[in-house]
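# Remarks on the overall topology
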Amino acid sequence: MRVARTSTGRAVQKAMPPMPAVDEAQIDFETIELLFFAYRDFVSDPDAILAKIGMGRAHHRVVYFVSRQPGMMVADLLDTLQITKQSLARVLKQLIELGYIRQMAGAKDRRQRRLYPTLAGRELALALSEPQSRRIALAMEDLTPEMRAAVKQFLRKMRGRDENLEPIDSDLD
């Protein structure tokens, strides 16, 4: 059992789900650690930029995908990020209020909410992506075209969330 605190400070017992039996010898700890450290360093440059303007990774993800797909619907962004509406609402509201994202009704269906980057939003997305692109270029500079293709194929195969899992109810960070 784990003890959690409610908003009133009262302790509540939470039952932990049973953990499956795992053969530790079958776990590729080296690759897991390489992925952890690669991700940590990959996001460190944008994190430093975002910290200066009072934003976090949640803002980065939203401005990135809206900039990559201008006019995307809020529902599509939720599906892309695999999060709940509540998780997205705060971050999206901030980005709209700060002038990085515009939200407009759909031309055919006024109930649709379509998202567009503003010029400031596009510039922010590019400023956050540039150091990441530079890091990727440096990591791949000595690779042959076939090796680069293998890296991309590996990353494509790493994608995919368990369809049985519910969307995440978090602040995206």
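Refer to the structure printed above.
Bear in mind that the values here come from a model prediction, so they are computed numbers and not experimental data. (Residues numbered from 1 in each chain as written. Predicted model: local features only at pLDDT ≥ 70, side-chain atom pairs only at ≥ 80, totals over all residues. Heavy atoms only, no water.)

### Some details on the packing of helix 2 (residues 57-68) against helix 5 (residues 119-140)
How two helices sit against one another is set out by the angle between their axes and by the gap between those axes. Our working definition: Fitting a line to C-alpha atoms yields each axis, with helices limited to the stretch in contact; the angle taken between N-to-C directions then spans 0 to 180 degrees. Only DSSP runs of H or I covering at least 4 residues are called helices, and only runs of E covering at least 2 are called strands; the numbering of each starts at the N terminus. Orientation labels follow simple angle bins: below 35 degrees gives roughly parallel, above 145 gives roughly antiparallel, 65 to 115 gives roughly perpendicular, and whatever is left gives oblique. In what follows, a contact means two residues having at least one pair of non-hydrogen atoms within 4.5 Å. All residues other than Ala, Val, Leu, Ile, Met, Phe, Trp, Tyr, Cys, Pro, Asp, Glu, Lys and Arg, Gly among them, are scored as polar; the first ten of these are nonpolar and the last four charged.
The geometry of helix 2 relative to helix 5 is characterised by a closest axis approach of 9 Å and an angle of 105° between their N-to-C directions. Judged on the interaxial angle alone, helix 5 and helix 2 are roughly perpendicular. Between helix 2 and helix 5, the residues in contact are His60, Val63, Tyr64 and Ser67 and Gly121, Arg122, Leu124, Ala125, Leu128, Ser129 and Gln132, respectively. Of the residues contributing to the contact of helix 2 with helix 5, the split by class is 5 nonpolar, 5 polar and 1 charged.

### Considering the nonpolar core
One recurring pattern in soluble globular proteins is that nonpolar side chains are buried together. Rule in force here: Here, nonpolar core means buried Ala, Val, Leu, Ile, Met, Phe, Trp, Tyr and Cys residues that are tied together by side-chain atoms lying within 4.5 Å of each other. Between buried and exposed lies partly exposed: a residue is buried under 20% and exposed over 50% of the maximum accessible area for its type, with that area taken using a 1.4 Å probe on protein chains only.
Ranked by size, the top nonpolar core spans 22 residues in total, and within it Val62, Leu77, Leu88 and Ile101 carry the most contacts. Contributions of two or more residues to this core are made by helix 2, helix 3 (74-81), helix 4 (85-97) and helix 5. Non-local contacts of Ile101, meaning those with residues more than four positions away in its chain, are made with Val63, Val66, Leu92, Leu95, Ile96, Leu115, Tyr116, Pro117 and Thr118.

### A word on the sheet that holds strand 3 (residues 72-73)
We count it as follows: We call two strands paired when DSSP finds no fewer than two bridges between them.
Spatial strand order, 3-5-4: 3 strands in an open sheet with antiparallel pairing. Each having just a single partner strand, strand 3 and strand 4 (101-105) make up the two edges of the open sheet. Bridge analysis of strand 4 against strand 5 (residues 113-117) gives 5 bridges, and the strand direction is antiparallel. Across the sheet, Arg102 pairs through a bridge with Tyr116, a residue of strand 5. Running at roughly 105° to strand 4, helix 4 makes contact with strand 4 and strand 5 of the sheet.

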